[in-house]
Every structure is written in C-alpha cells, then in structure tokens.
There are 2 protein chains.
Amino acid sequence: MVSLHAETGYDAWLRYAPIDNAAALQRYSALPAVVVALGDSPEIGAAQEELIRGVRGMLGHTLRVETHLPDESAIVLGTLAAIEEAAPGAHLNGDLKQDGYRLKSMVLRGHPCLVIAGGSGRGVLYGAFALLRRIALQEPASALDERPSAPVRWVNQWDNLDGTIERGYGGRSIFFEDGHVTSDLSRVRDFARLLASIGINGCTINNVNADPRLLTAPYIRELTAVASTFRPWGVRLSIAIDVSSPKTVGGLDTFDPLDPAVAQWWKDKVDELYRAIPDFAGFVVKADSEGRAGPSAYGRTHADAANVIARALSPHRGIVLYRAFVYNHHLDWRNPKNDRARAAYDNFHPLDGQFDDNVIVQIKNGPIDFQVREPVSPLFAALKETNEVIELQITQEYTGQQRHLCFLVPMWKEVLDFDTQVLKTRARVRDIVAGRTFHRPLGGFVGVSNVGRDPTWLGSHLALANLYGFGRLAWDSALTSREIAGEWTRLTFGADPRVNAAIDDMLLRSWRIYEEYTGPLGLGTLTDILGSHYGPGIESAERNGWGQWIRADGKGVGMDRTVSTGTGYIGQYAPPVASTYESLTTCPDDLLLFMHHVPYTYRLHSGQTVIQYIYDSHYAGADAAQGLVPEWQSLRGQVDEQRYAEVLARLEYQAGHARVWRDAVCSWFLRESGIPDAKGRAGHFPNRIEAESMRLDGYQPVDVTPWETASGGKAVECPAPAQTCTASFRYHGAAGWRHLGVEYFDQNNGESRFTVYIGAQMVDQWVADDRLPSRKPDGSSSTRRLITGLALRPGDEIRIVGVPDREERAPLDYLEVY
Amino acid sequence: MVSLHAETGYDAWLRYAPIDNAAALQRYSALPAVVVALGDSPEIGAAQEELIRGVRGMLGHTLRVETHLPDESAIVLGTLAAIEEAAPGAHLNGDLKQDGYRLKSMVLRGHPCLVIAGGSGRGVLYGAFALLRRIALQEPASALDERPSAPVRWVNQWDNLDGTIERGYGGRSIFFEDGHVTSDLSRVRDFARLLASIGINGCTINNVNADPRLLTAPYIRELTAVASTFRPWGVRLSIAIDVSSPKTVGGLDTFDPLDPAVAQWWKDKVDELYRAIPDFAGFVVKADSEGRAGPSAYGRTHADAANVIARALSPHRGIVLYRAFVYNHHLDWRNPKNDRARAAYDNFHPLDGQFDDNVIVQIKNGPIDFQVREPVSPLFAALKETNEVIELQITQEYTGQQRHLCFLVPMWKEVLDFDTQVLKTRARVRDIVAGRTFHRPLGGFVGVSNVGRDPTWLGSHLALANLYGFGRLAWDSALTSREIAGEWTRLTFGADPRVNAAIDDMLLRSWRIYEEYTGPLGLGTLTDILGSHYGPGIESAERNGWGQWIRADGKGVGMDRTVSTGTGYIGQYAPPVASTYESLTTCPDDLLLFMHHVPYTYRLHSGQTVIQYIYDSHYAGADAAQGLVPEWQSLRGQVDEQRYAEVLARLEYQAGHARVWRDAVCSWFLRESGIPDAKGRAGHFPNRIEAESMRLDGYQPVDVTPWETASGGKAVECPAPAQTCTASFRYHGAAGWRHLGVEYFDQNNGESRFTVYIGAQMVDQWVADDRLPSRKPDGSSSTRRLITGLALRPGDEIRIVGVPDREERAPLDYLEVY
C-alpha cells in the first residue's frame, strides 16, 4: 500500500515517508485508531483525508472513519463549537481566532481522545497538518495551541494566460494554458494542499501585470473551477486586476476612480464575481508602475484607485492588496538627487489614513526590488493608519533563479525582525505588518511563489525550502531560520542527523555565499538589470532611467543617500535609524554602498579597503560555492539517487557560474579602479588558456558584451552553422592527474556540440542544451564543463571541436587546467 | 562525467559505480595512467575501451590511450606473442590456452607495468574484465593466471523470429522482431558485453524448436549483423537448426542423413554461411523430440544425423551441439515399467563412440526437465567416447519464472560436483563435461539464458545472479556458491557488508525455500506441466503420455525406479551410485520419491512420515518465503530506491504465491491420503473467509480447475462484464490492528478492478493488471493483495467490490484476517 517511487520532489515536504525509528513508532503506537470529523465543511473533510493519508504513509495504519464520537479512543476533528456540542464536558476554554487551532489530549465520554479543534474548518485543517508534521518530525504529538501571526497569508503567482510565468523558473503555469484556465486542475489541487500545509490561505493566480480579460464573464466561469479546487484546502482565490478595466473590458470611456459610472461598474463586476465564487478573496492591484495604467491618468491618488474597488468588495468581505511598488522608470540619472529608493515612501506616505479598511498596501521588503541585499523599506514604519502586507519573493529572480542555492529565510528574518524604532517600544516590521503595532484590522504576508509544472514546483529541490519557509514565517514570524531549515530538511530528506546537519548548514550559509559573489556592500545584485536579472552585468545598472545606479567611477562607488549631501532617502527612516545610516562611522558595512558614495580606498569597519573587500569577498564566495559540492557529495548514498543527482548537478553548475560572477565583478572593478588585488588574483589566471589565444581552425575571435562577462573580454565562435571548428593548444605543465575546465556559452537558441581530445583520444563530449536565460555569449550563458581525472603530459595537444547549432555558434571562452 | 542515474538493472554487474572507500581508492591510486593495446584485434580494442570505461566509472580517471609502449608506467594489453615482441625481456613464461589470460606486474623498459596478456584477443578481453572485477570488488589487482574450465561456454536463447521467446520471462526478443533480425542491435551489443565479462564465448540466438528459414540466404545476410555485433566481445554466433532443413528449405525430397545429396546440401549451406560469417560457431540440434523431425524418419541414428552436419562444419572448425533431450511424449502411463527418465541414456548410450569429434552431445543436468530437484543425469558418465556439454537452465522455467527468488547455483553445484563413481578415481560431472575425465577434445557448458528487452534482462533484478553464476561456473566450476553469490552481490549492490550479508543469505537459501513449497522429496516441481509450468497443478503430471508421473494414490506416492521392482532406471548409474539409490536405507530423502514408491506413512531418515514431511515442508517453505520480505526490508535506504521497490514487490508477491502453493499441495495430499496434518494446519484456515460463503451480490460461485488451486475448490466470479459485484461479510474477531489478505485471481485476459471497504470507508483499491501466465482462475493466476494496518472492530462489515474486464470476471478466492 505504501507506494514506493522515485523522489521527484513533487511531494515536497509532504512525503509521509515510512518512519523506521523504533522509538518514534513506539511513541505513535498509542495514537487512536479512529478519526471522527464533526461537521461537514470541506476543509474538515480534507483534514480527515489528509490525516488518513499521512498516518498510512508514516505509520502504516489506515485510520477508521467515524461520523460520531465512538465508544473508544479517537482523533476528533471539529470546530470548537462542534466539539463542545458533541462532548459537552470538553472545556476547550477557547476563543480561537478563525485560522487558529488547538491540539489537546482529553477524555471524551470516558475515552482518551486527541482533539484537533479549530476556530473554523480551516483551523481544523491546519491542526491536522500540524499533527502530521509533528509525527513526521518524530516529535511528541502533545498539546499545541497556535494562531497565525496575521490574517493575510497569501501567495502571488505571476502567471500569464498563455501559460508563461513572469520570473517563473519552474516550468509553465499550472493555472493557465493557451489563454484559458487549464482543464486538468490536479496540480492546482496539489499546490493548494502544499499551501494549506503551511497555513497559506489565499492565492492570486495571475500576473500583477494583469490581463483584464480575466474579469469578463467567460473567464469568471473558468475561475470558479480553480476556486472550487482551492476550497477544501482553505485557500481563497484572488486575481490581479488592472485599474483600467472599466474602460478596456467594461465598455466605459473612462476608468477615473471618482467617476460614479466607474464605481458602479466595479460594484456590478464584483457582485457578478461573488455570485460565481462566494468566497472570493479579493484583488491585487499594480497601478502607475512600470507602464501600467493608474489613477495619475485622471489626477487621482492611489487611495482613490484602491477605494473605489474596495467599496465594491466590502459587502462581500473582499479585500484589495494595492502594491506600493510604484516608481518612475524614466528617472534622470544625471540628477544626483534623484533616487528610486525614495519612491514608495514618497508616493504612499502622504496618503496614510486615506485608504479604506479593506485596502492593504503591499510593500516589498526593500526599497528597490528584491535585490540580494537591501535595507528595510522605510514605508513600513511610515504608514500608521493604513493596513500593510510585506511582499517577499520566493521565486529567486535576483538571487540565482533556482539555479543557485539561496535560502532566503535568513534575509527575510532580518527584515521582519528589524526594529524600525518609530516608537519608544519595539516596532518590528513583523509586528507592523501583522497589524499589532498600529492596531490595524488587517495585515500580513504575501509571497511571490511562481511555481510551475516542473516536478519540483520551483525548478530545484532545495528551492522549495523558500516556499516552506515563507509559509512558516507567515504563520509564526518568531520562528528562527535554523528552526525552519531544520523542519524542512527533516520533512524533505528524512531524519538522518548527518543529512540534516549538512543540508541545514548549506541552506543557512547560502544567502551569504550568493551575496559574496554577486553584490558586495549593499550594491544590490550586480546583474544585467535590463535583461534576465541573472548573470553579471555591472554597468547595466548605470546611466539609465531605471534608477538602480551604483554610481561607480574611477575613484569610488556607491549611492549617496544621506540627508546631508545625498538624495535624502535616509531621512525616510525614524530618526534613530536614520542617524545610524547617515554616519559613516555607524552605517553597517553590508549597506555601506547603498547609503554612501566612498572612494575605493575607504576602509571598512573590518579595516579592509572597499576595493580589496570586493576582491576578497568574490573569491571567498566563489570558493564557498565550490565547497557546497563536496558537502553535498558527502551525502551520497544517504539521499535518494534522483534528488542526489539533480541537486549535485545544480551545485556543480553553480560552482562554475560563481566563478563567472567572481571574474566579471573583479575584472570590472579592477579596470574601473585601476587598483590591483593585493593578493594578486583579480585579472591573473596562470592556468587559464584563452580560446582566442589558441590555435584556431574555423573558430574566430569575437567581442563579448558586456566585456567583463568573458575572460579577456573575448570569446571564439564558429561562424557557419554547418561547419566544425577546432581550438587547440599544447599543454606545458607538469605530468600528472589533472582536471580540465572548459568555459563555454550555452545559449537558449541552439544546441552546439563540443568534443574534447587529448592527442587522438576523445575524453569528453557534450551538447550545450541547457535553457539558460540568454540568446548570446554573456554572463548568463557562460557555463563550465569540468572534466576530471585526466592524465596530462607535457607536450600534449588539447583540442576542442565545436559544432554550432542554429543561432548558437559553439562559443568558447577559455580552458583552465587544475 | 560520472553519469548518475536510477539503477534500472540494465548495467547488471557491470555498474562501475564510483568507489568511495578511501583505502580501496588509495590502493588503486598506483594504477598506471596509460593503457597500451598491442595488436589490433577487435577484442583487444573492446578490452581497452572497457578498461577506460570501468576505471572512469570506479576511480574517476580517464586512462590515456597509447599505441606503443610509452616511457612511463602503463597497463599493457596484448596477446602473449605481441607483448613478448614489443618487450623482448618480458618473460611471461607462457603457453596460455586460447581463452586464458595472465595479469602480471612487471618492469617493461624500466617502468613498472601491469600486463594483461591473453592466449588470444579474447583472453586479453577476459583479463581486462578480470582486472575491472578486482577493482569493483575492492580487491588487490595482483597477479592472476586463469584459464577456463572448458572450451565451450555458450548460452542458448530460445527466441522465435516473431520476437517471442519460449520460456522467456524478461520481455520480447533482443534479436528478432516481426520475423527478422532487429535493426537496432544496441541491446545485442550490451548483452554480448555482459557475456564477455563472465567468459561466455558463444551464443545460439534462436529457439531449439528451430525455424528453418534462418538457413536461407536472406536470413544469413541478417545474421551477419549479429555476428559483427558479437565479434568485439569474443562471442561467436550460433543458430539452432532443424534436421529436416534439406527438405523444408533446401528443395530436396529427403533429409535422410545418409543420402549423399543431403550431405552435399549441408556442405554447400555451411560453406555459404561461413562465407558470410567466417567465425561462425556452429549449430544446436533438437531432433526426434517433442514433435521435431529427426533421423528416425529414415531409420537412421542420432549419430548419423549429427555427423552429416558436423562433416560440413569440420573444415571451418564449426561444431554441432546435439541435444540428448529426446524422449517419447506418448508414453503409456498404464505400464509401470515405462519411464521417461530412462530416455536420454537409452537413446544415446548405444551410440557412444559413433559421433564425430566436432559433435558434442548436450545433456540436461537431470533426466527429466529442469525440475526443482532431480538426480544427476546418468548419461554424463555413460558416454566415454563422446564430447559432452551440460545444459543448465538460467531462465527459471520450473523454478518460479523470475517471479520467485531461486538462485540456482547451489543446485548446479550439486550436479557439477557429483561424483559419478564410474572410475576408481573421482569422476565428477564437471570434469567429465570439461573433457578431462575421458580425455575428450571438446566439452563444456551451455546455459539457456532467454534474456529479453526488460531493463533487468531476465525480468527480475535478483535473477541476474543466475546468469552471472552460470558464466562464472563455466569459467571455473570449482568456485563455490557462496563465492559466486558474494561476488555478484558486491558487484550489483555495492560493498556495504550489511547489504552483502543479507542478499547473499537470501540467494543461498532461496532454492531450498522454493523446493520446500513446490516439490518435496524428489517429486519434481508439482506444477501444471501441461500449461505454463508455473503455478501448482499436482495431477497434471499423472495419467498422460508426458511421463512426469508421481504415481500418487490413496496409499502412497513416488515412482519406483529400482532395478529390482521398478523401471530399472537406477541401473543406468555406475554400481556404487545405483546401490545407494536402490536401497531405501541409503537413498537420500530428497530424492526418495524420484526413486521409490512408498506409503504415506513411510518414515524418512529424519523420522518424519512422508505425509507429515509434505505438510511440514510446505508450511516451512511458505513461512521462509514470507521471511524474505522483512529480510529485504531491512535494507531499506541501503539499496537504491528503484531496485529496492521492484525487488520488494516481487518478494511480496512471492510470499503470497508460496501460500497458494502450500495450500494446493497440502490440500491435494490431505484429500488423497486421508491422513490429517498432525499439526492441524492443512485444510484448516480459522481466519479465512471463503468468498463463496460471503453475502454475494452479483458474484456467483464457480468451480476452479484444478480444484486444489482454490481454497475450498471454489471461487466467485462476476458474470457480466459491465456489472459490479459485491462480496461482503461481518467481522467477528477481536478489536485491534489487523492485516487483511485478499486472495483473487489475476488473469492475463482482463484487468478487473477491486475496491475494499470497511463499513462506508474505502481502505484499498487496485487493478488486477499483472501479466501472470493464465487465462483462468487457477494456481498460476491466484494472487494475494495484502492490506496492512486496519483497525477492525467486531461487527464491522468488510466488503469487496469487483468490476470485471473482458474475460477476467473479477474472481475472488477468499479473505484472510491476520
């Protein structure tokens, strides 16, 4: 009955693998054999089925289903009210909030029972998942009394109706295909189950850059199927909308929020929606941002735009999440006072108090856009009469796109635990967004999940820790990163302490490692911000209207955001925070270049100069990324083969790509600053042979853009598609066992073939068929092939033969002998 | 570079998995980095590629290829002659026989080298595989000097041109499809590689019930592709032929072996064949057997038939393997002197000395037909002037068809080590077939392999141990069963001592376990001999012309084969052996009923009565089969998931089917003898509820044939295909956690669906979609579904709903509560 199958990752942390620890099995042998569901809400039905499924998987028993309290021990599921009605002596002493639950051992009708009581059906479901999690973690199933940090715990999916996902790295949409809701909703059901297991209660299923067609009648019919699939799992459906809808699909000639016809249109449309989906959750709105329509078209405020929609939703208890991610992307970079980081505060702080009570302003964790390092957004503490949610990005847009390991919970924790110092008492972000600090009725957490059809949901096994971690923090933001990592690792890979220790360590170090090779000292991710947001592209941030400037020149680097001489951004914080950032002596190193412009020779608190720190951190980060490989390899045989192999392949890729990052950033700053690396590494590659310096037969040197993403600024390409090109050189090092690294470019518009020979002997062959986000040789397509264990002798000819395919011209950067 | 993939079984014992034992790695770090192949035979090329592949996989290095002795240490591959020519001081002191090899560390041109010298290219290839095996076993790569037990080491495949395989349990043919040789020969190449790795040097690729078309010109062209694919692996192609070919495809009006036209036809045909395939190995011939044509049609002898073909082959050094499996299958069962076991001896002993020197008589290990227990064929010792090979069956025709674990090496060892006592000195079967005993020029081993397209080749992971063991015994018949099991387990599942110990134990006990529940005291496998040779069918052996009679009646059981009162079969053995078998006091228990007819109350040497032994051994065997399940489960997490799960599923099936066997055999003998089981088990099933005694809704009772293969002789069937039928009963046992066994019939002509409920709760559901060898409810289709961990309460209604499909009418036998 226990199905044994390869671990594809699809079951995520809900694997319910058999427990073979005798002590744990013994502990759970006392679990009642019967499960009784009191009440017939769909969530309680799901809770009961899930308990049966989980106990079956982990303990090998099938719980009996009863509809009334039996004359024996039982697990009793029900709302507080239902339980107290069925067992009048129960005394659960409770006024559980809606989504809260209580797990309690008590005697009912003379039999010891395990009661799972919820404030609502959804609370019961969460209690059931909590019990199963306890069992899976091999912890005692003792009393629990939990309620969530905040009422809004949602995910946003940025799915388009054509089935693509904006910033999705886990395959195509599970919600849409070919312009419609998918007919097979089994993955939607399984996703809702995953969400329920971590307490997520809402899901916005379409891109914030919203397609207005979703509000038309045919699409509303399609959405009802999704809502029905979500319902047993306590997940309420939400969609993102465009404020111009009254005009674009409504037939009006305006979408002015203060126009009564517009208000009436929203009211009618929302009523129509609720007739179809009575538990519809509400809308997410992105307006006046990155080219979207907005109230500015009519000289109205964001509050006007939010409220007209909120008033239509209000009778149905629906809500509006209105995104604060509003900025001018045609900012004049020549004006040193201009600053994109100011935008959210500047736009929304003046409106504080003007939003209706069912509007929530959705604020990204930082003032820019999900960079690897940003300060906390000053807007959180600036809205005292407005509901807030924090928007966190689970999908790793700027943090490696699931190809690099980057466990984001420690980053999120820094933000959530940050004391804004806006009050005399502690005013942490997590308390503000929960509504506690300023006594707001609504608030919470929104995670941009962007799961897709990949068996691993997110495109990588280890990336699922971020989805899990988001849900757990939204439920209980006091949990530590280590607690969350520990839970996830044990649920996902089993209870072996060696496995747990290694994976926890990898997770907990990974954000810092990624930061070290991609974005030093608060500069943000030094990626190609105009394209894929993936590989290095330092200058892409500069001299354009997008405002992610790092202001690097020959003498120094960093944005001066001080009040005294800079953009004044720092003044958006409460005075104690502002004064810390304003002064170079107190500003923390890891935000230094976000807040200040300094010369390269400026010395950090550590005593290092800025430029040497840039070199050192990038070498340290790339080395640490390389070190993740043997750390994972130490688990060979301890982790199932499929996940072992798939994770290993990702880590090996990451180790190679971290070197691309290291070399690009170090080379760029070396050239810009003219200051050499005190340790002699940057710009010096003694074991490297540039492709353009090899003997070329057919291959031709080409310039790579940006120059820093290829070693020496150049690559070689094989110009004619049907041709075979060769690059060769003679090895002059000492004889011995060597590894050979071949750095090539794996574009997504062709599948070149490469073959490596030593003399006449072929030693490796591969096809460049990865789907990296680039159509040209650059820092996103640059990839390392590592050929290990070769016996090299002085005088050996090493030869690479490339066969181009379509637009990919078998491009090569360099070879390196280790 | 090391490909990490699921273990499908396809790589068999040649997995070349990375070695992670530091001591072993250290030991092999001294292996030279260079491999030199001297000479250009295809086998030496294959040896070199295989070494590179294996070292790459296990040690992570790519050996350098050189064509001449380099100025450094090297692994040197070559024939003895080539090595002594290249390095005149080499002194290998050898006259290696053709297939032998020598592994030796020696200094060549001043550098320490590891020399792999062969008597031929094939010997070099075997030496390379021997070195790789040493490494994989983590044993020192020290000196080896090996030559095979015998020159003929072949496998026979019983493949038909339409792609089916007679007695094949591993899928369709790798050689033929749709009446032709397959176009993609990659599996043929990989099979030849497996064969080479264990020293097999010939392969007959078509059914011994031969299709004569293979001798026609178009097919000879197709065969050349197979021969070319075999060639680098030192495997020579052979085909099975029909002696009537001169008439059926040759256009003659006779196939009389003494007709000169027939002789000329064979000569011309063989010449044609050798023009296409110069290294063709020879023919396998089945004649005058089970309906095949033979020399008896013209009053000629088997020697005449063999010699006419042998003389055509002789100039090309080809050989004829002439099968001794000749018997009358219309034998009169009423005559107590008739005995099929006598046939091979009676037919061939008179011809001793009449066969040409390139004819080999191919003798099955026992006198009947690959039963689970038979005495050694008396023919081995009876042919003193005739070449012999022993025919062993790797495919488990009568020993569980790869669905039951049955490691056959211990059985083969008993035969090979058997002293025929025909000489004053020891005259073991293994020495006789090797040609040593009677100084014959040819001899050896033939295994009926019947691999197919299943990823595991044979249809089961653990069954591959039999193919491995056959090859190893053919190479070195002095190896013990434990040595062979140990090697195979380590090569196949890695070096973990816990894994090795458990799997070795399972393998080494498995034949005896299978014997205990299928064929007691030398009765042979008590299977349905007229059909699939799989499930129980005790009476199928009796009262027909096939001569596998067990002579069981109300008073006693067994064939009287004594000289004094029986068929005289025992007189075919040398006097010391014959006298042992003739006397009840010395005849071993495990052959008692093969040699003697005794009453059920006869007492064995152990003191048990025959009837009680039948009961006891069947219960002990079924319990032991059940015990294999937890023994395998103890390896959970130690064995890769796919193989773990697939083996577990097979063992769980076997445990259920062993009970079917137990109950069928015990019930049959209980009814026949009228003597109860002293331990009260046979015929008493206190926890069993017969389907025919349940409350039936739609289901109707039917008689099962043979009666003993269903509990109570009856089943229930759901007569109408579109109908849904229900069988239910009320549980009256004590409350508690229980397992439920549902015994149903899984025919291969439909896929019924079954659902089990306790009260209103569905607890299990499955589709009967296995491909068992039966089209009706019987002992081959009877299957157990085990539903574990159910909380039962007195009064529970247990209900099975069956939905028939096509010819399979959702048949049910019984339920059992554990």
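Just so you know, these numbers come straight off a predicted model, no measurement behind them.

Conventions and cut-offs
- Residues numbered from 1 in each chain as written.
- Chains lettered and ligands numbered in written order.
- Predicted model: local features only at pLDDT ≥ 70, side-chain atom pairs only at ≥ 80, totals over all residues.
- Heavy atoms only, no water.
- Helix = DSSP H or I, 4+ residues; strand = E, 2+ residues; numbered from the N terminus.
- Rg over C-alpha atoms; globule rule 2.2 N^0.38 Å.
- Buried < 20%, exposed > 50% of the residue type's maximum accessible area, 1.4 Å probe, protein only.
- Contact = heavy atoms within 4.5 Å.
- Lys, Arg positive; Asp, Glu negative; His and termini not counted.
- Charge placed at Lys NZ, Arg CZ, Asp CG, Glu CD.
- Buried area = accessible area lost by both parts, 1.4 Å probe.
- Salt bridge = Lys/Arg side-chain N within 4 Å of Asp/Glu carboxyl O.
- Polar contact = N/O pair within 3.5 Å; in protein donor to acceptor, adjacent residues only side chain to side chain.
- Nonpolar A, V, L, I, M, F, W, Y, C, P; charged D, E, K, R; others polar.
- Pairing = 2+ DSSP bridges.
- Expected span 1.5 Å × (residues − 1).
- Arc of directions from axis to C-beta.
- Least-squares fit on C-alpha atoms with pLDDT ≥ 70 in both.
- Patch = residues over 30% accessible without salt bridge, like charges linked within 9 Å, V, L, I, M, F, W, Y side chains within 5 Å.
- Areas by Shrake-Rupley, 256 points an atom, 1.4 Å probe, with all protein chains shown as cover.
- Disulfide = S-S within 2.5 Å.
- pLDDT = per-residue confidence, 0-100.
- Phe/Tyr/Trp six-rings, centres within 6.5 Å; stacked < 30°, edge-to-face > 60°.
- Lys NZ or Arg CZ within 6 Å of the ring centre and 35° of its normal.
- Axes fitted to C-alpha atoms, helices over the stretch in contact; angles between N-to-C directions.
- Parallel < 35°, antiparallel > 145°, perpendicular 65-115°, else oblique.
- Left-handed = near helix turned anticlockwise from the far one by under 90°.

1. A short note on the overall build of chain A
When you go through chain A residue by residue, the secondary structure sums to 20 helices and 29 strands. Here the C-alpha radius of gyration of chain A, 28 Å, is about what a compact globule of 818 residues would show, namely 28 Å. With the C-alpha coordinates of chain A rotated into their principal frame, the extents come out at 90 × 65 × 55 Å. A burial count over chain A gives 63% of its 818 residues as buried. Across chain A, contacts joining residues at least 24 apart in sequence account for 73% of those joining residues at least 6 apart. Measuring between centres, the 83 positive side-chain charges of chain A sit 2 Å from its 100 negative side-chain charges.

2. Here's the deal with the interface of chain A and chain B
Contacts between the two partners involve 40 residues from chain A and, on the opposite side, 40 residues from chain B. Across the interface of chain A and chain B, roughly 3,000 Å² is buried in total on both sides, 50% from carbon and sulfur atoms. Where Glu72 of chain B meets Arg793 of chain A, a salt bridge forms, and the shortest distance between an N and an O atom there is 2.6 Å. Across the contact surface, chain A and chain B share 14 residue pairs in polar contact (both at pLDDT 80 or more). When contributions to the side of chain A that touches chain B are tallied by element, the ones reaching two or more residues are helix H2 (42–59), strand E2 (64–66), helix H20 (641–673), strand E26 (761–767) and strand E27 (782–792) of chain A. Here the residues of the side of chain A that touches chain B sort into 20 nonpolar, 8 polar and 12 charged.

3. Focus: the pairing of strand E28 (residues 797–803) of chain A
All names here are of chain A. Where strand E23 (residues 725–730) and E28 come together, 6 bridges link them in antiparallel fashion. Bridged to Phe729 within E28 is Ile798. Where strand E25 (residues 753–758) and E28 come together, 6 bridges link them in antiparallel fashion. Bridged to Phe754 within E28 is Gly802.

4. Notes on helix H6 (residues 217–230) of chain B
All names here are of chain B. With 14 residues, H6 ought to run about 20 Å at 1.5 Å a step, and its terminal C-alpha atoms sit 20 Å apart, in line with that. Listed as buried for H6 are Tyr219, Ile220, Leu223, Val226, Ala227, Thr229 and Phe230. Buried residues of H6 fall within an arc of 165° about the axis and therefore sit on the same side. On its buried face, H6 is in contact with strand E9 (180–181), helix H5 (186–197), strand E10 (202–204), strand E11 (236–241) and helix H8 (260–276).

5. What about the relation of the copies chain A and chain B?
Overlay of chain A on chain B (RMSD 0.1 Å): rotation 180°, translation along the axis 0.1 Å. What the superposition gives is, in effect, a two-fold axis relating one chain to the other. Among all residues of chain A, the minimum C-alpha distance to the rotation axis is found for Asp640 of chain A, at 3.4 Å. Same-surface contact between copies: 100% of interface residues of chain A are shared with the interface of chain B.

6. Points about the side chain of Ser711 of chain B
Residues and elements named next belong to chain B. If you trace the backbone, Ser711 turns up in the loop between strand E21 (700–703) and strand E22 (714–717). Owing to a relative accessible area of 9%, Ser711 belongs among the buried residues under this scheme. Within the structure, Ser711 has its side chain in polar contact with the side chain of Glu690 (distance 2.4 Å). If we skip the residues at most four places from it in the chain, Ser711 touches Arg688, Glu690, Glu692, Asp813 and Tyr814.

7. What to know about a negative patch on the surface
Residue and element names in this part refer to chain A. Judged by side-chain charge, Asp162, Glu177, Asp178 and Asp184 come together as a negatively charged surface patch. Of note, Glu177 is situated in strand E8 (residues 176–177). Given a relative accessible area of 36%, Glu177 falls into the partly exposed group.

8. Remarks on the side chain of Gln371 of chain A
Residue and element names in this part refer to chain A. Inspection of the secondary structure puts Gln371 in the loop between strand E14 (359–364) and helix H11 (379–382). At a separation of 2.9 Å, a polar atom in the side chain of Gln371 contacts the main-chain amide nitrogen of Thr525. Ignoring anything within four residues of it in the chain, the contact list for Gln371 reads Tyr398, Met411, Gly524, Thr525 and Gln548.

9. Quick word on the environment of Tyr514 of chain B
Take Tyr514 of chain B: it is sitting in helix H16 (residues 497–518). As a C-alpha pair, Tyr514 of chain B and Leu790 of chain B span 276 residues in sequence and 30 Å in three-dimensional space.

10. Considerations on the state of the cysteines
All names here are of chain B. Under the definition given, this model contains 2 disulfides over all chains. Note on cysteine connectivity: Cys718 is disulfide-linked to Cys725, with sulfurs 1.9 Å apart. In this structure the cystine formed by Cys718 and Cys725 twists about its S-S bond by roughly 75°; its chirality is therefore right-handed. Like Cys725, Cys718 is buried.

11. Examining helix H9 (residues 302–313) of chain A
All names here are of chain A. In a regular helix each residue adds 1.5 Å, so 12 residues correspond to 16 Å; H9 covers 17 Å between its end C-alpha atoms and thus fits that length. Counting buried positions along H9 gives 10 out of 12 residues, so the element sits mostly inside the fold. In the core, the buried residues of H9 are packed alongside strand E11 (236–241), helix H8 (260–276), strand E12 (282–285), strand E13 (319–323), helix H10 (343–348) and E14. Measuring from the side-chain oxygen of the N-cap residue of H9 to the backbone nitrogen of Ala303 gives 3.2 Å; that N-cap residue is Thr301.

12. With respect to the pattern of salt bridges
In total, this model carries 110 salt bridges over all chains according to the counting rule given. For Glu272 of chain B, the salt bridge is made with Lys269 of chain B, and the minimal N-O distance between the two is 2.9 Å. Taken together, the positions of Glu272 of chain B and Lys269 of chain B, both in helix H8 and 3 residues apart, correspond to about one turn of that helix. Here the residues in one salt-bridge network are Arg373, Glu414, Arg512, Glu515 and Asp590 of chain A, joined through shared partners.

13. Some details on the confidence of the model for chain A
Across chain A, the average pLDDT comes to 95, with 98% of residues at or above 70. What the predictor reports for the complex is a pTM of 0.88 with an ipTM of 0.80.

14. A closer look at the packing of aromatic side chains
All names here are of chain A. Enumeration according to the criterion identifies 59 aromatic pairs over all chains in this entry. A ring pair is formed by Phe175 and Phe191, whose centres lie 6.4 Å apart and whose planes are at 70°; its orientation type is edge-to-face. A residue pair is termed long-range when its members are at least 10 positions apart, and Phe175 in the loop between strand E7 (152–156) and E8 and Phe191 in helix H5 (residues 186–197) qualify at 16 residues. Side by side, Phe175 and Phe191 carry an identical accessibility label, which is buried. Grouped by ring-pair contacts, the aromatic residues Tyr10, Phe175, Phe191, Phe230 and Trp457 constitute a single cluster. The lysine or arginine in question, Lys364, covers the ring of Phe325, its NZ or CZ lying 3.4 Å from the ring centre.

15. A look at the packing of helix H16 (residues 497–518) of chain A against helix H19 (residues 610–633) of chain A
All names here are of chain A. Here H16 crosses H19 at 150°, and the two axes come no closer than 8 Å. For the element pair H16 / H19, the angle class is roughly antiparallel. The handedness of the crossing between H16 and H19 is left-handed. Here Ala502, Ile503, Asp505, Met506, Arg509, Arg512, Ile513, Glu516, Tyr517 and Thr518 of H16 come into contact with H19, specifically with Tyr613, Ser617, His618, Ala620, Gly621, Ala622, Ala624, Ala625, Leu628, Glu631 and Trp632. The residue makeup of the contact of H16 with H19, split by class, is 12 nonpolar, 4 polar and 5 charged.

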